Amino acid sequence: MTSLRLDCRRLADEVVIGVAGELDASNADDLETYVGRVWQPGRPLILDLGGLTFMDSTGLHVLLRVHGEVRRHGGRLHLAAVQDLPARLLQITEVWDALSIHPSAEAAIAGLSEPPPPRLRRLMGERPPERR
């Protein structure tokens, strides 16, 4: 079993979950369970992945499920400080462009009021503004 460390910071309206170690088939459910315990529906959720050194496809699927669950309940998922190998997995699977990704947790907090990226808006069913 690989090591995964999770911690939580509650701020005014959002929850920041620090994710460190390796996220894989042996522990990916731990992240999903943890999110379910600490996140409040309708609130933004920031996953600070600055300490995450590895993520496999199981971890990717958990991120996608968490993203869907947060969206269904009126919130928005933000990823922060995504490092080398996890970033590469998100990029080659084209998930990178579909999520709100920030260089740091502080940037994610500052960007909470920004609209989602265009691809994410399309996935959420929003139509682009009409051109005149």
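Before going further, it helps to spend a moment on the environment of Asp 13. With respect to the secondary-structure elements, Asp 13 resides in the loop between strand E1 (4-10) and strand E2 (15-23). Looking at Asp 13, the relative accessible area reads 43%, which means it is partly exposed. Once the C-alpha coordinates of Asp 13 and Arg 43 are considered, the two residues, 30 residues apart in sequence, prove to be 6.3 Å apart. Residues contacting Asp 13, with those up to four places away along its chain left out, are Arg 43 and Pro 44. A distance of 3.0 Å separates polar atoms of two side chains, one belonging to Asp 13 and the other to Arg 43.

What follows is about the pattern of salt bridges. Scanning the entire structure with this criterion turns up three salt bridges. Linking Arg 65 and Glu 32 is a salt bridge whose minimum nitrogen-to-oxygen distance equals 2.8 Å. Note that Arg 65 is positioned in helix H2 (residues 57-72) and Glu 32 in helix H1 (residues 28-38), a separation of 33 residues in sequence. Across the salt bridge formed by Glu 69 and Arg 72, the nearest N and O atoms sit 3.0 Å from each other. Here Glu 69 and its partner Arg 72 are both found in helix H2, three residues apart, which amounts to about one turn of the helix.

With respect to the helices, strands and loops of the structure, Glu 14 is situated in the loop between E1 and E2. Every residue in contact with Glu 14, bar those within four places of it in the chain, is listed here: Arg 9, Pro 44, Ile 46, Ile 109 and Leu 112.

Now for the packing of H1 against H2. Direction vectors running N to C along H1 and H2 enclose 20 degrees, while the axes themselves pass 9 Å from each other. Regarding the angle of H1 to H2, the classification is roughly parallel. H1 and H2 meet at a crossing whose hand is right-handed. On the side of H1, the interface is formed by Ala 28, Asp 29, Leu 31, Glu 32 and Val 35, while H2 contributes Thr 58, Gly 59, Val 62, Leu 63, Arg 65 and Val 66. Class assignment of the residues belonging to the contact of H1 with H2 gives a composition of six nonpolar, two polar and three charged.

Turning next to the environment of Asp 24. Mapped onto the secondary structure, Asp 24 falls in the loop between E2 and H1. On the accessibility criterion, Asp 24 (9% relative accessible area) is buried. The sequence separation of Asp 24 and Thr 58 amounts to 34 residues, and the corresponding C-alpha distance is 5.7 Å. Among all residues touching Asp 24, those that are not within four sequence positions of it are Thr 2, Phe 54, Asp 56 and Thr 58.

Looking at helix H3 (residues 84-92), one finds that the buried residues are Pro 86, Ala 87, Leu 89 and Leu 90. Seen from one end, H3 has its buried residues packed into an arc of 160 degrees, which puts them on one side. The exposed residues of H3 that point more than 90 degrees off its buried face are Asp 84, Leu 85, Arg 88 and Ile 92.

With that settled, the discussion passes to unusual backbone geometry. With a phi angle near 55 degrees, Ala 81 is a residue other than glycine that sits in the positive phi range. Of note, Ala 81 is situated in the loop between strand E4 (77-80) and H3. You can call Ala 81 buried: its relative accessible area is 13%. Not every positive phi belongs to a glycine, and Glu 94 is a case in point at roughly 65 degrees. Tracing the chain through its elements places Glu 94 in the loop between H3 and strand E5 (100-102). The class of Glu 94 is partly exposed, set by a relative accessible area of 48%.

The rules behind these values
Residues numbered from 1 in each chain as written. Predicted model: local features only at pLDDT ≥ 70, side-chain atom pairs only at ≥ 80, totals over all residues. Heavy atoms only, no water. Helix = DSSP H or I, 4+ residues; strand = E, 2+ residues; numbered from the N terminus. Buried < 20%, exposed > 50% of the residue type's maximum accessible area, 1.4 Å probe, protein only. Contact = heavy atoms within 4.5 Å. Polar contact = N/O pair within 3.5 Å; in protein donor to acceptor, adjacent residues only side chain to side chain. Salt bridge = Lys/Arg side-chain N within 4 Å of Asp/Glu carboxyl O. Axes fitted to C-alpha atoms, helices over the stretch in contact; angles between N-to-C directions. Parallel < 35°, antiparallel > 145°, perpendicular 65-115°, else oblique. Left-handed = near helix turned anticlockwise from the far one by under 90°. Nonpolar A, V, L, I, M, F, W, Y, C, P; charged D, E, K, R; others polar. Arc of directions from axis to C-beta.

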